[in-house]
Amino acid sequence: MTLWTSAEAEAATGGTSTRAWAANGVSIDTRTIAKGDLFVALKDVRDGHDFVAMAFEKGAAAALVTHRPEGVPQDMPLLVVDDVLVALEGLGRAARARTEARVVGVTGSVGKTSTKEMLRDVLGRQGRVHASVASYNNHWGVPLTLARMPEDTEFAVIEMGMSNPGEIAPLSKMARPHVAMVTTVAAAHLEAFDDLGGIAREKASIVDGLEPGGIAVLNADVPTAEVLQKYAKNQGVAVQSFGKTSTDWQLGDVRVSEGATVISATHGTDHYLFKLSLPGRHFAMNALGVLAVCEALGADAATAAQDIALWLPPEGRGTREVVALDAGSEEETIDLIDDAFNANPTSLSASLEVLAAARPKDGVGRIVKGRRVAILGDMLELGPQEAAMHAAMADDPHLKALELVHCVGPRMKHLHAALPEAQRGQWFETAPEGATRAASLVDAGDVVLVKGSKGSKVSLIVDAIRKLGHR
């Protein structure tokens, strides 16, 4: 199916094509580009113009550029513009304008990607859905997601993130959602804001782009809930709240077990009982917000409540897997929880609760007793109080159920020092150092959580533990 013709792209961007072309998709990365894609030569760490020739070698239909790059033949189809990012934004706005999709924008300090994936799954069972890939949620990720949206999309889920003030409102105005959701507000990117109130106001600005009659779906349980609701109401936006303290979508009993989370909730006179196929109280809150969004979009919330059991988190965000250490023994395994993509105090506490509820296996490893083991990397962008915030995690109530905590990075050294001696595992300056010692950190029968901000690179330790099973 053709996504963009040269004439449509010229109208959207104000650019000029060197010859006619038609594209089936849009790509910014030659490593994942598909035949028939329009290659967008963005400038980031590298200049995308350096990869245009490679994009054509891999079958690109055309390239969006500011000039003909060296080594690109004269007959190659180029869409020439003044500024590639501005042109990508033009494609995004044009794609949004030509669809009749019901659109939801999702933001939050924690859980926005997992919530986006929940929405993709449940809405995809009620209509044609288009959603952000991975964490494409910034100044180029949002227009890229929009530019990739087919015209016949019925539901669109657009994730929006930020690192600094003033970033979310422009993204929302580009996406023009019918529903805007804030999953939570927590101490993430705190170094760029004075306090949590500032983060809350930035998150709340997602309502600035709402279509007329749009609805804000807001977490009622965060300390800054009043800030969120006040901002929305000052913009004349209707609010649907969700949470334990909400009167709209009220969270009831949440039962976390080894392999599932069972949730009860009420909305008006309707009662819901549904489950997730993995443990996690924080996932329960997001799931309730998903039901609220579905109803606000015009989808069926009851059907979504049934279908949400089929959802599993994306890689690095709480996924669980079994690593078999010995192919000849079904018992010699490690239960690995990969949560290595993001971390702040709120999300770390939620992950520790999941680990605390897990059941290790005794009598199968060299240590005999199975353990709950956490391998924790630095939480980044917490601002001037980061040392104290890392050390304070030693007081987290879920930590008491753990047998061993290994720490990675200069910030996590503060937690390492604050841990009781019996729980204090190894400390590594960097994740590559920890990865080389993976075999000494874990044992058969253990349940192992690896958690840290993406920049801490603790995903290297996840990979090293996986490779223990390849002997």
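Whatever comes next refers back to the structure up there.
Caption draft 1: Main features of unusual backbone geometry. Its identity as a non-glycine residue notwithstanding, Arg176 has a phi of 45°, on the positive side. With respect to the helices, strands and loops of the structure, Arg176 is situated in the loop between helix H6 (168–175) and strand S11 (179–182). Judged by its relative accessible area of 28%, Arg176 falls in the partly exposed class.

Caption draft 2: The arrangement of the sheet that holds strand S22 (residues 447–451) in detail. Taken together, the six strands give an open sheet; going across it, the order is S17-S18-S22-S19-S20-S21, and neighbouring strands pair in mixed fashion. The open sheet has two edge strands, strand S17 (319–324) and strand S21 (424–428), and neither has a second partner. Across the sheet, the mean angle separating the axes of adjacent strands is 20° when strand polarity is ignored. On top of the sheet, helix H11 (residues 345–357) reaches S17, strand S18 (333–339), strand S19 (372–377) and S22; it is set at about 170° to S22, its chief contact. Helix H16 (residues 459–467) rests against S17, S18, S19, strand S20 (404–408) and S22 of the sheet, and its axis sits at about 160° to S18.

Caption draft 3: Representation of the packing of aromatic side chains. Throughout the structure, instances matching the rule amount to three aromatic pairs. With centroids separated by 5.6 Å and ring planes inclined at 40°, the aromatic side chains of Trp249 and Tyr272 adopt a geometry described as tilted. Placement of the pair is Trp249 in strand S14 (residues 249–256) and Tyr272 in strand S16 (residues 270–276), with a sequence separation of 23 residues. Trp249 sits in the buried class, given a relative accessible area of 0%. We classify Tyr272 as buried; its relative accessible area is 12%. Centroid distance Phe283 to Trp311: 5.4 Å. Interplanar angle 70°. Geometry classified as edge-to-face. Here Phe283 is found in helix H9 (residues 281–297), whereas its partner Trp311 is found in the loop between helix H10 (301–307) and S17, with 28 residues between them in sequence. Of the residues examined, Trp311 reaches a relative accessible area of 0% and is grouped as buried. The lysine or arginine in question, Arg98, covers the ring of Trp4, its NZ or CZ lying 4.0 Å from the ring centre.

Caption draft 4: Representation of the pairing of S18. The element S18 is largely enclosed, with a buried count of seven among its seven residues. Here S18 shows a buried face lined by Thr333, Asp335, Ile337 and Asp339 and a second buried face lined by Ile334, Leu336 and Asp338. Direction of pairing for S17 relative to S18: antiparallel, over a ladder of six bridges. Among the inter-strand pairings, Thr319 is bridged to a residue of S18, identified as Asp338. Note: S18 against S22, five bridges, orientation parallel. Pairing of Asp338 across the sheet is with Val450, part of S22.

Caption draft 5: Structural view of the nonpolar core. Among the nonpolar cores identified, the biggest contains 40 residues, and Leu119, Leu123 and Phe274 are the most heavily contacted of them. Tallying contributions element by element places H9 first for this core, with twelve residues. Beyond its immediate chain neighbours, meaning those up to four positions away, Phe274 contacts Thr261, Val262, Ile263, Ala265, Ala287, Leu291, Ala305 and Ile308. Membership of the second largest hydrophobic core comes to 31 residues, among which are Ile168, Met174, Leu218 and Val237.

Caption draft 6: The arrangement of the pattern of salt bridges in detail. For the structure on display, the rule yields 20 salt bridges. A salt bridge links Lys116 to Glu159; the shortest N-O distance between them is 3.8 Å. Separated by 43 residues along the polypeptide, Lys116 in helix H4 (residues 112–123) and Glu159 in strand S10 (residues 155–159) bring together distant segments of the chain. Pair check on accessibility: Lys116 and Glu159 agree, each one buried. A salt bridge links Arg366 to Asp443; the shortest N-O distance between them is 3.2 Å.

Calculation rules
Residues numbered from 1 in each chain as written. Predicted model: local features only at pLDDT ≥ 70, side-chain atom pairs only at ≥ 80, totals over all residues. Heavy atoms only, no water. Helix = DSSP H or I, 4+ residues; strand = E, 2+ residues; numbered from the N terminus. Buried < 20%, exposed > 50% of the residue type's maximum accessible area, 1.4 Å probe, protein only. Pairing = 2+ DSSP bridges. Axes fitted to C-alpha atoms, helices over the stretch in contact; angles between N-to-C directions. Contact = heavy atoms within 4.5 Å. Phe/Tyr/Trp six-rings, centres within 6.5 Å; stacked < 30°, edge-to-face > 60°. Lys NZ or Arg CZ within 6 Å of the ring centre and 35° of its normal. Core = buried A, V, L, I, M, F, W, Y, C linked by side-chain atoms within 4.5 Å. Salt bridge = Lys/Arg side-chain N within 4 Å of Asp/Glu carboxyl O.

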